[in-house]
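Summary of the model geometry
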Amino acid sequence: MSVAGVAVREDGRVLVIRRADNGRWEPPGGVLERDEAIEEGVRREVYEETGIKVHVERLTGVYKNMTLGVVALVFRCSLASVHERLSDESTAVTWLAPDEVMTRMSEAYSVRIADALTDDLAPHIRTHDGRNLTFPDGN
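It should be emphasised that the depicted structure is a prediction, and the values quoted were computed from it without experimental measurement.

Some remarks on the sheet that holds strand β3 (residues 25-26)
Within the open sheet, the three strands sit side by side as β3-β2-β7. Their pairing is antiparallel. Across the chains shown, the open sheet's two edge strands, defined by having one partner strand only, are β3 and β7 (90-96). Here strand β2 (residues 14-19) runs beside β7; their pairing, made up of six bridges, is antiparallel. The partner of R19 across the bridge, within β7, is S90.

Quick look at the nonpolar core
By size, the foremost hydrophobic cluster in this structure holds 18 residues, and its most contacted members are V6, V14, V16, V101, M105 and I113. At the level of secondary structure, the elements contributing two or more residues to this core comprise β1 (2-7), β2, β7 and α3 (107-117). The biggest single contributor to this core is α3, with five residues. Contact partners of V14, with chain neighbours within four places excluded, come to V6, A7, V8, T94, W95, L96, V101, I113 and L117. V54, L73, F75 and W95 belong to the second-largest nonpolar core, a separate cluster that totals 14 residues.

Examining the packing of aromatic side chains
Aromatic rings considered in pairs are described by the distance between their centres and by the relative angle of their planes. Within this structure, the stated rule accounts for zero aromatic pairs. Across the ring face of Y47, the terminal group of K53 is positioned such that the distance to the ring centre comes to 5.6 Å. The residue whose ring lies beneath R104 is W25, and the NZ or CZ to ring-centre distance is 5.1 Å.

Quick word on the sheet that holds strand β8 (residues 124-128)
Strand order in this open sheet of six strands is β4-β1-β6-β5-β8-β9, and the pairing throughout is mixed. Every other strand in the sheet has two partners, leaving β4 (29-31) and β9 (133-134) as the edge strands with one partner each. As defined by bridge partners, β1 adjoins strand β6 (residues 70-81) across six bridges and the pair is classed as parallel. The residue of β6 that forms the bridge with V3 is L73. Across the face of the sheet, α3 comes into contact with β1, β5 (53-65), β6, β8 and β9 while running at roughly 130° to β5.

Regarding α3
Of all eleven residues that make up α3, eight are buried, and the element is covered over most of its length. A108, Y109, S110, V111, R112, I113, D115 and A116 are the residues of α3 that are buried.

So, the pattern of salt bridges
Evaluated as defined, the whole model comprises ten salt bridges. Note that R19 is salt-bridged to D21, the shortest N-O span being 2.4 Å. Its relative accessible area of 24% is what places R19 among the partly exposed residues. By relative accessible area, which is 56% here, D21 ends up exposed. Note that R126 and D115 form a salt bridge whose closest N and O atoms lie 2.8 Å from each other. With R126 in strand β8 and D115 in helix α3, the pair connects residues that are eleven residues apart, well separated along the chain. On the basis of relative accessibility, which here comes to 26%, the residue R126 falls in the partly exposed class. A cluster of three or more residues bridged by salt bridges with shared partners is formed by E33, E36, R44, E45 and E48.

Rules of the game
- Residue positions are given per chain, counted from 1 along the sequence in the order it is written.
- Given that the model is predicted, a residue must reach a pLDDT of at least 70 before its local features are reported, and side-chain atom pairs must reach 80 or more before they are shown or counted; all residues, however, enter totals for whole chains, interfaces and linings.
- The basis for the side-chain values is all heavy atoms of the structure; hydrogens and waters are excluded.
- In this scheme, strands are said to pair when DSSP sees at least two bridges between them.
- Secondary structure elements follow DSSP: runs of H or I no shorter than four residues count as helices, runs of E no shorter than two count as strands, and numbering proceeds from the N terminus.
- We call a set of buried Ala, Val, Leu, Ile, Met, Phe, Trp, Tyr and Cys residues a nonpolar core when their side-chain atoms join them within 4.5 Å.
- Note on classification: 1.4 Å probe, protein chains only; a residue is buried when its accessible area is under 20% of the maximum for its type, exposed when over 50%, partly exposed between these limits.
- Residue contacts follow a heavy-atom distance rule, with two residues in contact if any of their heavy atoms lie within 4.5 Å.
- Only centres within 6.5 Å qualify two rings of Phe, Tyr or Trp (six-membered ring in Trp) as a pair; their planes then separate them into stacked at under 30 degrees, edge-to-face at over 60, and tilted for everything else.
- Each ring is checked for a lysine NZ or an arginine CZ that lies within 6 Å of its centre and within 35 degrees of its normal; such an atom marks a charge sitting over the ring.
- Axes, fitted as lines to C-alpha atoms, cover a helix only where it is in contact. Angles between the N-to-C directions of the axes lie from 0 to 180 degrees.
- Each reported salt bridge corresponds to a side-chain nitrogen of Lys or Arg within 4 Å of a carboxyl oxygen of Asp or Glu.

In structure tokens, the structure reads:
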């Protein structure tokens, strides 16, 4: 199980990283540890990859990579502290305006931010192939 945090500043910009392993821009996140609570994992992953501490607010989406069989839970987060730094997993940490997200990220990841920025209370459930959304029911 994978988790990610969409941290949102007061000005509406969102926290993203450029991953060291593939050079792609994504919200910070990663694989939960076996004995780790879900919200704890979100906080840990965001902090490890960016140096920023967050408060986990709510689940905004469940995303399955149909190619790899990986399920990711994505949470909207608010800031607890902002001391940005790079890690072994990130080559850049930045704050993007919502309209910049679409130009920097593949659809499979930009939709996670778009979903986190909506006021919908129910989490979105989506599938993708690692880059683009897929529609397994044919719709």
